[in-house]
Amino acid sequence: MQKPSIPKGTRDFSPLEMARRNYIFNTIQSVFSLYGFQQIETPAMENIGTLMGKYGEEGDKLLFRIQNSGEKAASAPEKGLRYDLTVPFARYVVQHRENIQFPFKRYQIQPVWRADRPQKGRYREFYQCDVDVIGTNSLVCELELIQIVEEVYRRLGINVCLHINNRKILAGIAEVIGQPERIIDITVAIDKLDKIGIDNVNKELLEKGIPAEAVEALQPILHLNGTNTEKLDQLEQVLATSETGLKGIEELRTIFALYAASTQDGNLATYEPNGLQVELDLCLARGLNYYTGAIFEVKALDVQMGSITGGGRYDNLTGIFG
């Protein structure tokens, strides 16, 4: 008799695990609600046209496609399991915009699916806890997301550091090293810096066809150090010829200043807040192509593991749907 099993990259949850998970979800949900976010849900599957082309070439390869949805094959649109909650949210906004009051603050806590290689801490089916704001360009939204991260992990008793960068800065870096059209290749490689090291990042860039002189020009940027203010000051000199890069620096200065001002005894001169540890990380790129501004990742300080929260600003994603 064949032993019962479940698909690779999925898992069962025992009553004890469910109790722990529900405690975490309830804590997160209470903070989302505290900041005025409203809950929605979207279907597990979307039309494949909704999902394709939103995550970049690598992300599109990880979509789970549904081969038979019980409809006549000739007439039924192809479907796929949702890869994340952001693109379905953008579709939701376009479809229901007549009934939405903007700015719209929503949260979702639902499972997503990725046809990734299963490994420790990385599953093909997992939950995301998402918050998004649509209908405003204000950088106060970034401040609010930082405060949500701070409050959630404070309630859960987990010490964390929030890493922040800006996609405009990354675009500016690609410009000043003479490779603006290769920004995706560059960001995908440098995003792996903490996992594979600088030598392997450089090797990957060269293997992707980035000229050796461009890789060499990138090195001082990858090795910037100091406080957040010192890094921004150095970066401002490096990106002096890139209007896009300077715009990204300006946005980060504003976010740091807003957060410092919001915390008790925050130092406005150095953007060093008296609260959550926030670090400018110029190697943070995140793989999703739809990000256009600030990007975030949160890492636990007392446990050796990967990022436990991530996200960023994306502009005009709903425009993809018409």
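Before any of the text, the structure's been laid out above.
For every chain, the first residue of its written sequence is number 1, and the numbers climb from 1 along that sequence. Side-chain atom pairs in this predicted model are given and counted only at pLDDT of 80 or more, local residue features only at pLDDT of at least 70, and totals for whole chains, interfaces and linings cover all residues. Values shown for side chains rest on all heavy atoms present in the structure; no hydrogens or waters enter the calculation.

Draft legend 1. Fine view of helix α1 (residues 15–34). Put simply, DSSP H or I for four residues or longer makes a helix, DSSP E for two residues or longer makes a strand, and each gets a number counted from the N terminus. Take the residue count of a helix, subtract one, and multiply by 1.5 Å to get its expected span. Taking 1.5 Å of rise per residue, the 20 residues of α1 would be expected to cover 28 Å, and the 28 Å separating its terminal C-alpha atoms lies within 8% of that figure. Under the scheme applied here, a residue whose accessible area is under 20% of the maximum for its type counts as buried, over 50% as exposed, and between as partly exposed, the area being computed with a 1.4 Å probe on protein chains only. Every buried residue of α1 is listed here: Arg21, Phe25, Thr27, Ile28, Val31 and Phe32. On an axial view of α1, the arc spanned by its buried residues comes to 155°, and they lie on one face. Relative to its buried face, α1 has exposed residues pointing more than 90 degrees away, namely Pro15, Leu16 and Leu34. Where α1 ends, the next residue or the one after it, Gly36, has phi of about 85°, a positive value. As used here, the arc is the angular range of directions from the helix axis to the C-beta atoms.

Draft legend 2. Spatial organisation of the packing of helix α6 (residues 167–176) against helix α7 (residues 183–190). Whenever a helix is involved, its axis is fitted only over the stretch in contact; in every case the axis is a line through C-alpha atoms, and angles between N-to-C directions fall within 0 to 180 degrees. Where α6 meets α7, the axes come as close as 10 Å, and the angle between the chain directions of the two elements is 115°. In terms of orientation, α6 lies roughly perpendicular with respect to α7. Crossing angle aside, the handedness with which α6 passes α7 is right-handed. Residue-level inspection shows Arg167, Leu170, Ala171 and Ala174 of α6 in contact with α7, the latter providing Ile183, Ile184, Ile186, Thr187 and Ile190. Taken together, the residues of the contact of α6 with α7 sort by class into 7 nonpolar, 1 polar and 1 charged. What sets the label is the angle itself: under 35 degrees gives roughly parallel, over 145 gives roughly antiparallel, 65 to 115 gives roughly perpendicular, and the rest give oblique. By the definition used in this description, the sense in which the near helix is turned from the far one sets the handedness, with an anticlockwise turn below a right angle giving left-handed and a clockwise turn giving right-handed. By definition in these notes, contact holds between two residues if any of their heavy atoms fall within 4.5 Å. Here the term charged refers only to Asp, Glu, Lys and Arg, the term nonpolar to Ala, Val, Leu, Ile, Met, Phe, Trp, Tyr, Cys and Pro, and the term polar to all other amino acids, Gly among them.

Draft legend 3. Broad picture of the pattern of salt bridges. For this document, the term salt bridge refers to a Lys or Arg side-chain nitrogen within 4 Å of an Asp or Glu carboxyl oxygen. What the rule picks out here adds up to 18 salt bridges. In this structure, Asp132 and Arg106 form a salt bridge, with 2.8 Å as the shortest nitrogen-oxygen distance. Linking Asp132 in strand β6 (residues 125–134) with Arg106 in strand β5 (residues 104–113), this pair joins segments that are 26 residues apart in sequence. When sorted by exposure, Asp132 lands in the same class as Arg106, which is buried. Across the salt bridge formed by Glu151 and Arg155, the nearest N and O atoms sit 2.7 Å from each other. Note that Glu151 and Arg155 are positioned in helix α5 (residues 140–156) at a spacing of 4 residues, about one turn of the helix. For Glu151, a relative accessible area of 16% translates into the label buried. In the salt-bridge network here, residues are joined through shared partners; they are Arg106, Asp130 and Asp132.

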